[in-house]
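# A look at the structure
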Amino acid sequence: MLNKPVTILKNVGDKRAAALAKMGITTVGDLVTHFPRAYQNRGDILTVEEVKGRLREKLASLTYAAEEKVSLYSDPCAVILTAASEPTVKNIRRGMTLVKFRAFDDTGMCDITYFNMGYMKDVVHTGDTFRFFGRFSLLGNRLQAANPIYEAVREGGTLPAIVPVYPLTAGITQKMMAQLTSDALRYARSALTEYLPPHILSEMALPAYSYTIDNLHRPESMAALEIAQRRRVFEELFFLFTALAASGNKKKQKSRYPMGDIDLSEFKSHLPFELTSAQERCVSEIARDLSGEFVMNRMLTGDVGSGKTVVAAAALYLAVKNGYRGAVMVPTEILAAQHYKDLSALFEPMGIRCALLTGSTPKRERDAILASLSPITMEGMGTDIVIGTHALISGGVEIDRLGLAVIDEQHRFGVAQRAALLEKCESLHSLTMSATPIPRTLTLALYGEIDVSRIDELPKGRQKIDTFVVNEGYRDRLNGFIRKQVDEGHQVYIVCPAVEEKKKDPSAEDAEEMSNVTFGSIWETETDLPPLKAAESYAASLAEQLPELNIAFVHGKLKPKQKDTVMQEFSAGNVDVLVSTTVIEVGVNVPNATLMIVENAERFGLSQLHQLRGRVGRGSAKSYFILVSDARGDTARQRLAAIKSTTDGFRIAEYDLEQRGPGDFLGSDSIKQHGQMRLSLAAGCRDTGLIERAVALAKATVADDPTLSKEENKGLAEKVQKLLRESENLVN
Ligand code: ADP
Ligand code: MG
């Protein structure tokens, strides 16, 4: 029933089916699980006076009001108002229409404006009453709203209190989508069978599947919605952790690549420094694994700047001297290029050959590299160490005598790619470097019983990096500081959050978009965020303010070649100020950079900020890390204060998990990018307890039934299989 095409439903013809297909909805079952991405609580009706009161309170709570005129909006809320006048219609520039009227309740007046919705003049007439939902603002003492959602209030009729907001596509409106999901539910009700094992339902006090589905689409109440969402979050986590536990549960394998002990003095003599004792310890742990009986499956952790790369290099040296090849896989092309540069500088003088292989390697070069990795390379011509992105595990790459795989910054790969990687590395020694310290709860979930080496000591002579949090009021002083650093011969990073393209004119749907808000006690969205700064336009305006400086920018939308060029110019010292998105976050090493400024700092995860901070302070000069934020919320400010007060990456990670949920650590970005796994909801789950329970139950379930073949786990097994299939698609 769930597999029937959507056209089986009434009101779905070819055209609508085609529109739905664009969103990946082809079957009735797809509709049933096409959940709202937010809900609006239009049931709590406020009076005009109450909305004003809230806005005034908000204004008063601002500890540092930005000097420039801020337009402060209320959270989305509902009011019931009666039109006091006929709407006036104005045509402003280029066909923009403005419909305006005044409306009132018992406590006051509100000005309502609709942009580009000319038909509103026929909808609203003097004396008509509507429920309006949206964000309100104050102009002087007058309440106003632009493009609020309106619903006519009719005698004897009721309006639903909680309204779902679905992800849409062209040709499908919210109303249609609500109708479609409701039709699909009615049609397929009898096929909605429970798939979670009963003991888990009762232990976690979760509602039944059909109740969950009903209340996600049409919540009976806030409480019911919360319970349903809790189950959905738990499920996402539970399936993911079960999949990880089931796939990571392999027994220790006998090593097929026995290695002998190798003297490291040649290697060490090529280093410009002495290894710290923590590094020495990690190297000997790795050496012991490599020469042991079993396949190495080890994770190397350590804070930013603790020197993980050189430890990995030692491991590669051991593999190569034993007659094997090594592979280094990293998540971004920039980082691949960086590692290639550093490792080949270290290894070439020892006669060890490195090659760089990424998605943008030209075909001729790629073919040559592939040939140099094959069994029949001529003596002294083969590649010993190949460094690259996931292009290394894509089709067609065969590495002969591959003995060791090093995976850097692994959590950034996303769970799916990681699964494929582990598969590929099954009988291979692997060394995983975790860039960001991962909270204890998640280490267990993500890495299971893996062996861990920890570099718990920074190289000597590291400077303390001074961290400051400032607001827009400091702009001039900041620019002066940038100039001063450059005058002293140093370089500067400026990091902006990645920006998504905004939509065109406000229209009815957009108005709805704008007033959306997810709610429920599980998490809330922040509504006090200042506007974003985009890397490219930011660089342009900075160039106007500091014309004597050489300013460049880099962001994810540039071609890999362009990115590399900019990064190389920056490394070479030809660029004074590099404005970028977080593409530089991982692993970039430019010791001459002494100042990093992060714009819209409130948008970043703390671990991400900590990671960014590690990009400066790499040389001998004093370094600075400045967070610019005009965020007014308490949480945002507390979070930024935390990054200022601690430099312990592990503590920051724990704090981050509590504040933002596991998304940052589970690589949900890359998952979302590929639109494959839906960790959408759980990614922002701030209920650490729920995450812990999901990990524990997943482990217990797999321990009890490793192949998930017991009757009670049938439904679960299907879900997990689906997840793993999707991972595979993602990688191939
Ligand atoms: P991370 O652990 O963040 O990957 P890196 O491996 O990039 O850190 O090392 C950071 C910097 O520290 C590099 O410039 C590296 O050359 C340097 N470094 C590593 N080990 C030592 C050491 N024992 N003494 C001095 N500098 C070191
Ligand atoms: Mg690194």
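Residues numbered from 1 in each chain as written. Chains lettered and ligands numbered in written order. Predicted model: local features only at pLDDT ≥ 70, side-chain atom pairs only at ≥ 80, totals over all residues. Heavy atoms only, no water.

### Structural notes on the sheet that holds strand 14 (residues 354–357)
The sheet built from seven strands is open, its strands ordered 14-15-13-16-17-12-18 with parallel pairing. On the outer flanks of this sheet lie strand 14 and strand 18 (451–455), each paired with one strand and no other. Pairwise comparison of adjacent strand axes, ignoring direction, gives a mean angle of 20 degrees for this sheet. Of the strand pairs in this sheet, strand 13 (residues 325–329) and strand 16 (residues 402–408) are connected by five bridges, and their pairing is parallel. Note that in strand 16 the partner of M329 across the bridge is I407. Of the strands in this sheet, strand 13, strand 14, strand 15 (385–388) and strand 16 are in contact with helix 12 (residues 333–347), which crosses strand 14 at around 170 degrees. Most of the contacts of helix 13 (residues 363–372) go to strand 14, to which it runs at about 135 degrees, and overall it touches strand 13 and strand 14. (Pairing = 2+ DSSP bridges. Helix = DSSP H or I, 4+ residues; strand = E, 2+ residues; numbered from the N terminus. Axes fitted to C-alpha atoms, helices over the stretch in contact; angles between N-to-C directions. Contact = heavy atoms within 4.5 Å.)

### A closer look at unusual backbone geometry
Although it is not a glycine, A205 adopts a positive phi angle of roughly 50 degrees. Topologically, A205 is positioned in the loop between helix 6 (198–203) and helix 7 (209–217). You will see that L708, though not glycine, has its phi angle at about 50 degrees, which is positive. Position of L708 relative to the elements: it lies in the loop between helix 24 (688–704) and helix 25 (714–731).

### Topic: the packing of aromatic side chains
With the rule as written, the count across this model stands at 13 aromatic pairs. Both rings, one in Y195 and one in F239, keep their centres 6.0 Å apart while their planes meet at 50 degrees; by these two values the pair is tilted. Residue Y195 is located in the loop between helix 5 (174–188) and helix 6, and its partner F239 is located in helix 8 (residues 222–247); the two are separated by 44 residues in the primary sequence. One exposure class covers both Y195 and F239, and it is buried. Residues F481 and Y624 carry aromatic rings whose centres are separated by 5.0 Å and whose planes lie at 80 degrees to one another, so their mutual orientation is edge-to-face. In this pair, F481 is assigned in helix 16 (residues 475–487) and Y624 in strand 24 (residues 624–628), connecting sequence segments 143 residues apart. Feature note: the residues F101, Y114, F130, F132 and Y150 constitute an aromatic cluster, connected by ring pairs. The lysine or arginine in question, K719, covers the ring of Y195, its NZ or CZ lying 4.3 Å from the ring centre. (Phe/Tyr/Trp six-rings, centres within 6.5 Å; stacked < 30°, edge-to-face > 60°. Buried < 20%, exposed > 50% of the residue type's maximum accessible area, 1.4 Å probe, protein only. Lys NZ or Arg CZ within 6 Å of the ring centre and 35° of its normal.)

### Topic: the site of ligand 1
Residues in close proximity to ligand 1 total 16 residues, the closest being E274, Q279, G305, T309 and R462. At a separation of 3.5 Å, an oxygen atom of ligand 1 approaches a polar backbone atom of S306. Within the side chain of T309, a nitrogen or oxygen atom sits 2.6 Å from an oxygen atom of ligand 1. Considered class by class, the residues forming the shell around ligand 1 number four nonpolar, seven polar and five charged. (Near = heavy atom within 4 Å. Polar contact = N/O pair within 3.5 Å; in protein donor to acceptor, adjacent residues only side chain to side chain. Nonpolar A, V, L, I, M, F, W, Y, C, P; charged D, E, K, R; others polar.)

### Side note on the sheet that holds strand 19 (residues 466–470)
If you walk across this open sheet you meet the six strands as 19-24-23-20-22-21, and the pairing is parallel. Of all the strands in the sheet, the pair left with one neighbour each is strand 19 and strand 21 (551–554). Taken pair by pair, the neighbouring strands of this sheet meet at an average axis angle of 20 degrees, ignoring direction. Where strand 20 (residues 491–495) meets strand 22 (residues 577–580), four bridges bridge the pair, whose relative direction is parallel. Looking across to strand 22, one finds that I494 is bridged to V579.

### With respect to the confidence of the model for the protein
Across the protein, pLDDT averages 83, with 85% of residues at or above 70. For residues 500–528, every residue scores under 50 in pLDDT, and the model assigns this stretch 69 contacts once sequence neighbours within four places are set aside. Note that residues 668–678 has pLDDT below 50 and, in this model, 20 contacts with residues that lie over four places away or in other chains. (pLDDT = per-residue confidence, 0-100.)

### Regarding the environment of L595
Following the sequence through the fold, L595 ends up in strand 23 (residues 593–598). Spatially, the C-alpha atoms of L595 and Q485 are 7.4 Å apart, while their sequence positions differ by 110 residues. Apart from the residues lying within four places of it in its own chain, the contact partners of L595 are F481, I482, Q485, Q491, V492, Y493, V616, Y624 and I626.

### Observations regarding the side chain of T467
Assignment of secondary structure puts T467 in strand 19. Classification of T467 by relative accessible area gives buried; the value is 7%. When neighbours within four sequence positions are excluded, T467 is seen to be in contact with R613, F625, L627, I643 and K644.

### Describing the pairing of strand 6 (residues 108–115)
Among the eight residues that make up strand 6, six are buried, leaving the element largely enclosed by the rest of the structure. The pairing of strand 5 (residues 96–105) with strand 6 spans eight bridges and is antiparallel. Pairing of F101 across the sheet is with I112, part of strand 6. Here strand 5 folds back onto strand 6 in antiparallel fashion, the turn holding two residues. Pairing of strand 6 with strand 9 (residues 142–146), which is carried by four bridges, proceeds in the parallel orientation.

### Some remarks on the environment of A245
Within the secondary structure, A245 is located in helix 8. Since its relative accessible area comes to 14%, A245 is described here as buried. For the pair A245 and P706, spaced 461 residues apart in the sequence, the C-alpha separation amounts to 8.8 Å. In this view, A245 contacts A698 and V702; residues no more than four positions away in its chain are not counted.

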